[in-house]
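Fold and geometry: a report
Okay, here's what each chain looks like letter by letter:
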Amino acid sequence: MVVPVELQKLPKVDRVVDAPELSGVRGTLGKKAVTALARSVIAEARSAALAGAEPATLAEVVARVRERAEVRLRAGLAPVVNATGVILHTNLGRAPLPRASIERIAAIAGRYSTLELDLSTGVRTRRGLQAELGLAELTSAEDVVLVNNNAAAVMLALSTLAAGREVIVSRGELVEIGGGFRIPEVLARSGARLVEVGTTNRTRVDDYARAIGERTACLLRVHPSNFKITGFAERPALSELAALAKSRRLPLIKDLGGGLVVDLPPTVAGSELAREPSVQACLAAGADLVCFSLDKLFGGPQGGAVAGRAELVRALRDDPMARALRLDKLALAAVEAVLEAYRRGALCDIPVHALLSAGIDELERRVDQWRLALGELGVSAETVQSEAAIGGGTLAEAPVRSVALRIAGPAPEALAERLRNGEPAVIGRVVEGALLLDARSVFPGEDPQIVAALTRAFAK
Ligand SMILES: *Cc1c(COP(=O)(O)O)cnc(C)c1O
């Protein structure tokens with residue numbers, strides 16, 4: 001094969017990898033990764049040259065490799081300032097942990113711990129026992145089992161109680177929560193057979209009653225989360241469904257999602273959020289098992305819980321699948337500290353609740369300070385009322401009153417990008433041609449970082 005003379009001018013892989021300008025990234029990313037980047041950049045330069053472009057020089061190829069290496073290096077986990085107004089932002093890590101949880105993790109992580117040892121007897125104990133007891137007390141449940149997330153909680157409940165048998169679900173609740181959690185698919189994977197009842201908009205207790213047969217294992221009720229049916233819609237109260245389940249001696253499983261265990265603050269009163277049921281309320285209404293996330297309104301680490309009747313929870317705990325879904329010890333340490341905050345009634349120590357309960361006046365005062373700092377740079381912006389959200393799949397629709405800085409300008413997307421690429425990254429949202437930085441999801445301690453980020457973004 002004749003190699004066109006132009007292609008012979010392209011730099012060789014070795015020369016690129018060994019370039020002195022790449023010594024830094026060779027050290028951090030490793031020679032193997034830099035070699036792979038060099039190969040792909042040279043391959044692109046070859047295609048471009050074949051298409052008639054000037055062959056890239058060694059310096060150009062090296063510069064491109066370095067740029068990509070730096071992007072790779074930045075691509076790991078890094079803290080960001082969440083100015084989206086969405087408190088449980090799935091892409092930004094959902095619930096930030098209480099300080100006490102972080103300290104507990106730090107104390108446990110690098111050492112041996114009492115994970116499965118009772119110090120008083122010297123005998124092996126069940127992992128998670130204390131946290132499970134604490135959560136049971138908090139939610140007035142007979143017992144609780146902790147797993148890796150709520151998806152695992154639902155999967156475990158269904159596979160333990162219903163594999164090979166039927167689960168009755170309303171057609172209005174066959175939802176996708178996001179991130180690939182689709183009720184019909186989770187059900188299929190658990191080995192249970194889905195029996196759909198009712199219609200998308202209306203399901204009555206009778207629909208469930210008629211579908212119950214010999215093969216029925218349980219009834220499943222799903223919080224529709226970020227999906228809402230309005231208008232000609234009806235579904236039975238949880239307590240009505242519980243009465244039916246009880247009369248037929250079948251368990252009722254509620255996939256609650258949000259994990260609310262306290263009353264919500266007055267900031268959300270009157271909104272849809274105020275109607276969000278708590279774990280306790282679902283149990284009191286007669287649900288036999290309630291599944292929920294620990295990193296949504298509970299305000300803890302990634303995790304899931306199934307709370308409810310003792311013999312059912314025990315069956316779940318003893319299922320071999322539970323071993324594959326168990327909660328990590330660092331998450332357990334974090335949960336223990338969150339439970340202590342609830343026990344003390346110190347909601348302000350749980351970041352999700354602290355953010356939710358910040359008063360409008362306080363948010364307005366803080367946003368005014370951001371605005372004044374911008375004003376000093378000659379940039380005008382407005383303090384505006386906004387609608388923040390809980391997010392996290394659950395309750396995505398329910399607005400929470402908030403205050404935001406509104407920066408109108410010719411290129412709000414470009415400004416958003418500049419703030420996103422700063423350090424720390426500040427994430428806002430672009431609405432109707434303006435960038436909004438919403439204070440509801442920004443911690444007061446992050447205000448200086450917002451001001452510094454704005455200053456950098458507008459500095460000439
Ligand atoms: C969030 C949610 C899930 C998934 O929970 P993860 O903790 O993300 O696994 C399942 N069901 C409902 C109703 C939810 O809101």
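See the structure shown above.
Presented here is an overview of the structure given in this document. (Residues numbered from 1 in each chain as written. Predicted model: local features only at pLDDT ≥ 70, side-chain atom pairs only at ≥ 80, totals over all residues. Heavy atoms only, no water.)

1. What about the overall build of the chain?
- The secondary structure content of the chain amounts to 19 helices and 16 strands.
- Over its C-alpha atoms, taken along the principal directions, the chain stretches across nearly 85 × 60 × 55 Å.
- Out of the 460 residues in the chain, the part that is buried amounts to 47%.
- Here the analysis covers contacts within the chain between residues at least 6 apart in sequence; of these, 74% occur between residues at least 24 apart.
- With the model as given, the accessible surface of the chain reaches about 22600 Å², and the carbon-plus-sulfur share is 52%.
- Of note, the chain has its 57 positive side-chain charges centred 4 Å away from the centre of its 54 negative side-chain charges. (Helix = DSSP H or I, 4+ residues; strand = E, 2+ residues; numbered from the N terminus. Buried < 20%, exposed > 50% of the residue type's maximum accessible area, 1.4 Å probe, protein only. Contact = heavy atoms within 4.5 Å. Areas by Shrake-Rupley, 256 points an atom, 1.4 Å probe, with all protein chains shown as cover. Lys, Arg positive; Asp, Glu negative; His and termini not counted. Charge placed at Lys NZ, Arg CZ, Asp CG, Glu CD.)

2. Examining the sheet that holds strand β12 (residues 382-391)
- Pairing is mixed in the open sheet, where five strands are placed in the order β2-β12-β13-β16-β15. In the strand order of this sheet, the two ends are held by β2 (86-88) and β15 (429-431), each with one partner. The sheet shows a mean angle of 40° between the axes of neighbouring strands, direction not considered.
- Alignment of strand β13 (residues 399-408) against strand β16 (residues 434-438), held across five bridges, turns out to be antiparallel. When the sheet's bridge partners are listed, Ala408 is paired in β16 with Ala434. (Pairing = 2+ DSSP bridges. Axes fitted to C-alpha atoms, helices over the stretch in contact; angles between N-to-C directions.)

3. Things to note about the pairing of strand β6 (residues 166-170)
- Burial within β6 is extensive, with five of its five residues counted as buried.
- Burial along β6 is two-sided: the residues Glu166, Ile168 and Ser170 and Val167 and Val169 are all buried.
- The sheet contact formed by β6 and strand β7 (residues 193-197) spans five bridges and is parallel. Of the residues in β7, the one forming a bridge with Val169 is Glu196.
- Considered for its hand, the β-α-β crossover made up of β6, helix α9 (residues 183-189) and β7 is right-handed. (Right-handed = clockwise from strand over helix to strand, strands pointing away.)

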